[in-house]
Amino acid sequence: MSRNEDVRFVSSAIKIPRSSLAHPVPLVSALPFARHNLSLHLDRAREAIQGFLASLRRQWRPRFLCSSSLAVVRQEVETNHRRHGKEDEERVLISEVLIRNKDGEALERVDLEAAVAAALKSCRPNSALTVREVQEDVHRIIESGYFCSCMPVAVDTRDGIRLVFQVEPNQEFQGLICEGANILPVKFLEDAFRDGYGKIINIQHLDQVIKSINGWYYERGLSGLVSYAEILSGGILRLQISEAEVNNTIIQFLDRRTGEPTTGKTRPETIFQQLTTKKGQVYNRLQGKRDVETILTMGIMEDVTIIPQPTGDPCKVDLVLNLVERRNGGFSAGGGISSGITSGPLAGLIGSFAYVHRNVFGRNQKLNLSLERGQIDSIFRINYIDPWIEGDNKRTSRTIMIQNSSTSGALVHGNNQSDHGGLTIARVTAGIEYSRPFRPKWSGTLGLIFQHAGGRDDKGNPIIRDIYNSPLTASGNAYDDMLLAKLESVYTGSGDHSSSTFVFNMEQGLPVLPEWLCFNRVSARARQGYKIGPARLLLSVSGGHVIGNFPPHEAFAIGGTNSVRGYEEGAVGSGRSYAICSGEISFHVFGPLEGLLFADYGNDLGSGPTVRGDPAGARGKPGNGCGFGAGICVDSPLGPLRLEYAFNDKLASRFHFGVGYRN
């Protein structure tokens, strides 16, 4: 937020300078202006009441006036009332009530006289009054906010007692001096005070303005408030605003068992890199809360708290950042389901084993080693992730990946290989990717990936053709080599599953060597959710196209749990191009259970025969198809679990089970 370096209050032409503060900075409490000034004014009124009592003593000396001394403040009135009982209730007949200025002359302004008259509730001509009733009317006159003093005077006349209220109005507002408002917008001050220029300063209205200034800071989470206010000669109002600037941020690691200070493994610069709260800024508790959440999302801390601490300078504050670190590394095991396996008992089940180190070198860098193994699929992966490259101010991350995998070739080439056994696609992949956010809700990724891939039978022997004599590689060799330049852009809405999502992906094969493949693959998908009463409608569309010489097993496969339900995986078609659209209505049933109604459609856009060897045509895949059905979704600790029953356009039916939401 920008600072006010040299600003002026337009209506008064009084400079509002930036200056150092001379008062402590209360971070929580406020200092109501009216209460501060009213106490001063009421002290004066208390003295006036004492003079009023003395004048009555000289004239009548009634017993209740000689035996008690009453104050203006309500608590003191109640105390004296209990102390003296009925003595305060004795009354004096007042024949006349007048309103005058402090010199005893008539007020020049009719509106001020009307304000005093409106404040008088008990004091009326020809009425019998108690001292307490006079005191309460004086209190009401002061509370009206227009007067800095009020003195009741009793005058003995031929017709009886004349009660005169001598009031002193506040000055007319002629200008503003505001000190210490480094981030408060000038326009806010101008709008707050413009209507009062040339008018009598009303303390109650001024109190509301000061509360609005304090509210401006509070609503934005800023530590600032009006710490002092006074009316100077000439009708100049002076406001002192105290803003607590961040001085130093102190990192303190706490033991996760004892809570005592300890030595942390995370480098301080790694923590400071995550903080948006910087030295010299006015402390913002909302910004501090976001900083805490950001540090927690790093995944290396169990608990994070920010505690403001006073410093030697009353206008500055130190921030103590208490951190409790998690265990840095550990082993884990789990399981899942491969969508590419369509037959065989338990063939789709995958077991996994992984080691994760969350804080390599104390820099929040991640090392993941994982092994996934199923009856057919196996993947060994090493990932090294730097979530925020040191020295970069754009939050750029870097991922280095090495992977050795063997996955089913059934998506494109079927899964009934009588002469070679079960067909698998073996890949060795290595690459590096850089990602960063470049606009709100948008992120981008650039990468360079090398891949060595080819077909194998169930014994691990290389094969170059499937059962239908369709080639498995683009080069005709046992393996294809390719160097891919990757570009990806992602838009994510609110983060909810039903929010808007758009993903664009492009890969370009770089023929650095003559035998390396050269092709371009583009794909995109979009999703949009709508609320329809208690239900939610989710529409999604995806599509893609490949130009150039690419491996047949890299063709777009259509059909299956995450494509067109009602078909086996890849059973609709596999082509150089594709388009899929889907509609799904979900509704809450009870607890974590939701019901689903859905319909899907997919088409290879007539591109099946253009794939090398036409594996889809050899297997009689239709190239287009639709499916519809119903299902349930259960929110579980493992994520959403989906069980769906679908029919295709040939009225064949099948169950689909999945973990997580559809892409």
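Residues numbered from 1 in each chain as written. Predicted model: local features only at pLDDT ≥ 70, side-chain atom pairs only at ≥ 80, totals over all residues. Heavy atoms only, no water.

> What's the story with the packing of aromatic side chains in this structure? I'm lost.
The description of an aromatic ring pair rests on the distance of the ring centres and on the angle between the ring planes. In total, this model carries 16 aromatic pairs according to the counting rule given. Between Phe 556 and Tyr 578, the aromatic rings sit 4.8 Å apart at their centres with planes inclined by 35°, giving tilted as the arrangement. Taken together, the residues span a long stretch of sequence, with Phe 556 in strand 26 (residues 556-558) and Tyr 578 in strand 28 (residues 577-590) at a distance of 22 residues. Across the pair, Tyr 578 and Phe 556 agree in class, each one buried. Three or more aromatic residues joined by ring pairs form one cluster here, namely Phe 438, Trp 442, Tyr 491 and Phe 502. Directly above the ring of Tyr 218 sits Arg 285, whose terminal nitrogen or CZ lies 4.3 Å from the centroid. (Phe/Tyr/Trp six-rings, centres within 6.5 Å; stacked < 30°, edge-to-face > 60°. Helix = DSSP H or I, 4+ residues; strand = E, 2+ residues; numbered from the N terminus. Buried < 20%, exposed > 50% of the residue type's maximum accessible area, 1.4 Å probe, protein only. Lys NZ or Arg CZ within 6 Å of the ring centre and 35° of its normal.)

> Is there a simple way to think about the sheet that holds strand 3 (residues 92-101) in this case?
Within a sheet, each strand pairs with its neighbour through backbone hydrogen bonds, oriented either parallel or antiparallel. Ordered by their spatial adjacency, four strands build an open sheet running 4-3-6-5, and the pairing between neighbours is mixed. Whereas interior strands pair on both sides, the edge strands pair on one side only; in this sheet they are strand 4 (127-129) and strand 5 (147-157). Within the sheet, the average angular offset between the axes of one strand and its neighbour, ignoring direction, is 45°. Here strand 3 pairs with strand 6 (residues 160-169) via seven bridges, running parallel. Looking at the pairing, Val 97 lines up with Leu 163 of strand 6. Across the sheet, helix 5 (residues 131-143) is in contact with strand 4, strand 5 and strand 6; its angle to strand 5 comes to roughly 145°. (Pairing = 2+ DSSP bridges. Axes fitted to C-alpha atoms, helices over the stretch in contact; angles between N-to-C directions. Contact = heavy atoms within 4.5 Å.)

> What is the right way to read the side chain of Arg 662 from this model?
When you line up the elements, Arg 662 lands in the segment after strand 32 (653-659). Taking relative accessible area as the criterion, Arg 662 reaches 10% and is therefore assigned buried. From its side chain, Arg 662 meets the backbone oxygen of Thr 561 in a polar contact 2.7 Å long. Among the polar contacts listed, one links the side chain of Arg 662 to the backbone oxygen of Ser 563, at a separation of 3.4 Å. (Polar contact = N/O pair within 3.5 Å; in protein donor to acceptor, adjacent residues only side chain to side chain.)

> Even after reading the chapter, I still don't get the confidence of the model for the chain, so can you show me in this structure?
Low-pLDDT portions of the prediction should not be read for the details of their coordinates. The pLDDT averaged across the chain works out to 85; a share of 84% of its residues lies at or above 70. Across residues 2-42, where pLDDT falls below 50, the model places 107 contacts with residues more than four positions away in sequence or in other chains. Note that residues 83-87 has pLDDT below 50 and, in this model, five contacts with residues that lie over four places away or in other chains. (pLDDT = per-residue confidence, 0-100.)

> What am I meant to see in a nonpolar patch on the surface here?
Together, Phe 628, Ile 632, Leu 643, Tyr 645, Phe 647, Phe 655, Phe 657 and Val 659 give the surface a local cluster of nonpolar side chains, amounting to about 720 Å² of exposed area. Counting residues per element, the ones that place at least two in the nonpolar patch are strand 30 (624-636), strand 31 (639-648) and strand 32. Here Tyr 645 shows up in strand 31. For Tyr 645, a relative accessible area of 31% translates into the label partly exposed. (Patch = residues over 30% accessible without salt bridge, like charges linked within 9 Å, V, L, I, M, F, W, Y side chains within 5 Å. Areas by Shrake-Rupley, 256 points an atom, 1.4 Å probe, with all protein chains shown as cover. Salt bridge = Lys/Arg side-chain N within 4 Å of Asp/Glu carboxyl O.)

> Help me understand the pairing of strand 31 in this model?
Both faces of the sheet carry side chains from a regular strand, because those side chains alternate between them. By the bridge criterion, ten bridges tie strand 30 to strand 31 in an arrangement that is antiparallel. Across the sheet, the residue bridging to Gly 631 is Glu 644, located in strand 31. Here strand 30 folds back onto strand 31, and the loop between the two strands holds two residues. Direction of pairing for strand 31 relative to strand 32: antiparallel, over a ladder of seven bridges. Note on strand 32: the bridge partner recorded for Glu 644 is His 656.

> How do you make sense of the side chain of Ser 574 when you look at a structure like this?
Along the chain, Ser 574 turns up in strand 27 (residues 573-575). Apart from the residues lying within four places of it in its own chain, the contact partners of Ser 574 are Val 412, Ala 555, Phe 556, Ala 557, Gly 608, Val 611, Pro 615, Ala 616 and Lys 621.

> Any chance you could explain the pattern of salt bridges here in plain terms?
Side-chain pairing between opposite charges can occur once the charged atoms of the two side chains come close. Under the criterion given, the structure shown has 31 salt bridges. Note that Glu 133 is salt-bridged to Arg 91, the shortest N-O span being 3.0 Å. Here the residue Glu 133 occupies a position in helix 5, and Arg 91 occupies one in the loop between helix 3 (74-84) and strand 3, the gap between them amounting to 42 residues. A relative accessible area of 17% means that Glu 133 is categorised as buried. With relative accessibility at 45%, the residue Arg 91 sits in the partly exposed group. For Glu 594, the salt bridge goes to Arg 536, with nearest N and O atoms at 3.7 Å. Taken together, the positions of Glu 594 in strand 29 (residues 593-603) and Arg 536 in strand 25 (residues 535-548) put the pair 58 residues apart, joining distant regions of the chain. Among the charged side chains, a salt-bridge network with shared partners connects Arg 565, Glu 584, Asp 600, Arg 642, Glu 644 and Arg 662.

> In this structure, what is going on with the pairing of strand 25? I would like to understand it.
Bridge analysis of strand 24 (residues 519-532) against strand 25 gives 14 bridges, and the strand direction is antiparallel. Residue pairing for strand 25: Asn 520 is matched across the bridge by Ile 547. What sits between strand 24 and strand 25 in their antiparallel hairpin is a turn of two residues, with Gly 533 showing a positive phi close to 65°.

> What am I meant to see in the environment of Asn 328 here?
On the secondary structure map, Asn 328 appears in the loop between strand 13 (316-325) and strand 14 (329-337). Distance from Asn 328 to Lys 265, taken between C-alpha atoms, is 9.0 Å for residues 63 residues apart in sequence. Excluding residues within four positions of it along the chain, Asn 328 makes contact with Lys 265, Val 356, His 357, Arg 358 and Asn 359.

> What is the right way to read the packing of helix 6 (residues 186-193) against helix 7 (residues 203-219) from this model?
How two helices pack is summed up by the angle between their axes together with the distance between the axes. In the contact formed by helix 6 and helix 7, the axes pass within 11 Å of each other and the chain directions differ by 160°. Judged by the angle between their axes, helix 6 and helix 7 are roughly antiparallel. Like other packed secondary-structure pairs, helix 6 and helix 7 cross with a definite hand, here right-handed. Residue-level contacts link Phe 188, Leu 189, Ala 192 and Phe 193 of helix 6 to His 205, Leu 206, Val 209, Ser 212, Ile 213 and Trp 216 of helix 7. The class makeup of the residues in the contact of helix 6 with helix 7 is eight nonpolar, two polar and no charged. (Parallel < 35°, antiparallel > 145°, perpendicular 65-115°, else oblique. Left-handed = near helix turned anticlockwise from the far one by under 90°. Nonpolar A, V, L, I, M, F, W, Y, C, P; charged D, E, K, R; others polar.)

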